Structures are given as C-alpha cells and as structure tokens.
Amino acid sequence: MERTRGAIVNAFIQLLSEKPVNKITVKDIVERCGVNRNTFYYHFHDIPDLAEQMMEEKADQLIQNHYQPHQPIECIRPLVRYGLRHRTAVLHIYQYLPRDTFLAYLNRLTFRLMQEYFTAATDGLAATDGLAASGEDVAALARFYRCAMVGLLLDWLDGGMQEDMLELSERLCSLLQGTGRKALTRPIRNC
C-alpha cells in the first residue's frame, strides 16, 4: 500500500520536473507509475491534495533525517539542497499552489525547525548553566526566526531560486551563532 502511494508521489515529482502542475493530469500520473485511476483516488482526493501531502512528507523526511538541535545549518542545508536538486518541481509547486497554502506550509515547516532548535537550546542552558528560559521567550524567538527564514525563502523563490541560498544560509548562521542562546540568558527589560 505504501509502496504504491510512494510510486504515485515519485511519478508526480518526475512530472513536475517536466511541466507545470496545471498541465499534469491524473492520467499522466497513473500512466507514469503503472496504476489505475481508482488507486490514485484511494490515496489522494486530487492533484492539489497530492501536492500538499507530498510537500509535508518531504519536509518531515528531511527534518527527521538531518535535524541537529545545536546546529540549525545542518537542517537548513539539506532543505536547500533538496530544493536545488528539484528546482523546476519546487518552482512549479510554488507557482501553482495558492500563496496562502504555500505560506502556511512554509510557516509550519520553519516554526517546527525553530521551535525544536530553541527548545533544545533551552534544555541545554538548564543542563549546563542551571538557567531556565520561559516558554514565552522560546516562542518569541522561534517566531522571530521563523519570520526571517520564511521571508528569505519567499525572496529566494520569487527570484527563481537563482541566489546562492546555501552560501547565504551558512553566512547568516555564522553571523547569528550564539545570539539565540544569548537572548535566552538575558533578563527581560521593558524597551
């Protein structure tokens, strides 16, 4: 059952590299992977459903396989590399899905990364320094960095993924190294 579902997703990814989503039909997908239409509809409601589920699953796989809580670049790097390997497909999905749907996906993905990173950083502070950051502080930092990351990714996608996002990500991670930890250890003062 999962192998068939995976074959449908892989056929869709292959087709995305060849043509825009609005030019792909269920017939194209089932012919590519050798299943019938009923099998497609058993797994997915329609092509937009397939696109959304595929994006969620790919993001989950990348995070699960590469996430390292003390080194955010080690999670960002595989996401960017995946995007570059599948540039045409990613751009086709980005151009096809309604902006609010794509933005909701990016927000969930990046918030998860940032929440896990700052939760791990907080746990590390408690273990090594006996410091405890509030949940509100962790949420505020995760939100701030999520917004920054989403903005960078949208800018990159709007530019056709031409900018060297790996280099930019590594530079930003280097420049910002330790700022999250530093922010979590500072007492809150009114601005």
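Trainee: Quick question: what am I supposed to make of the nonpolar core here?
Mentor: A general tendency of soluble globular proteins is for nonpolar side chains to be buried together. Counting residues in each nonpolar core, the largest one holds 55 residues, and the members touching the most others are Phe12, Ile29, Phe40 and Ile93. Secondary-structure elements contributing two or more residues to this core are α1 (2-16), α2 (26-33), α4 (47-66), α5 (73-85), α6 (87-96), α7 (99-129), α8 (135-158) and α9 (165-176). No other element matches α8, which puts 10 residues into this core. Ile93 has contacts with Phe12, Leu16, Val21, Ala51, Met54, Met55 and Phe102, leaving out every residue within four places of it along the chain.

Trainee: What should I look at first to understand unusual backbone geometry in this one?
Mentor: Leave glycine aside and you will find that most residues have negative phi; peptide bonds, for their part, are mostly trans. The phi torsion at Met161 lies on the positive side, around 60°, for a residue other than glycine. Mapped onto the secondary structure, Met161 falls in the loop between α8 and α9.

Trainee: Is there a simple way to explain the packing of α6 against α8 in this structure?
Mentor: Relative placement of two packed helices is described by the angle separating their axes and the distance separating the axes. Contact geometry of α6 with α8 gives a least axis separation of 11 Å together with a crossing angle of 105°. Between α6 and α8, the angle falls in the class roughly perpendicular. Facing α6, whose interface residues are Val90, Leu91 and Tyr94, α8 presents Leu154, Leu157 and Asp158.

Cut-offs used in this document
Residues numbered from 1 in each chain as written. Predicted model: local features only at pLDDT ≥ 70, side-chain atom pairs only at ≥ 80, totals over all residues. Heavy atoms only, no water. Core = buried A, V, L, I, M, F, W, Y, C linked by side-chain atoms within 4.5 Å. Buried < 20%, exposed > 50% of the residue type's maximum accessible area, 1.4 Å probe, protein only. Helix = DSSP H or I, 4+ residues; strand = E, 2+ residues; numbered from the N terminus. Contact = heavy atoms within 4.5 Å. Axes fitted to C-alpha atoms, helices over the stretch in contact; angles between N-to-C directions. Parallel < 35°, antiparallel > 145°, perpendicular 65-115°, else oblique.

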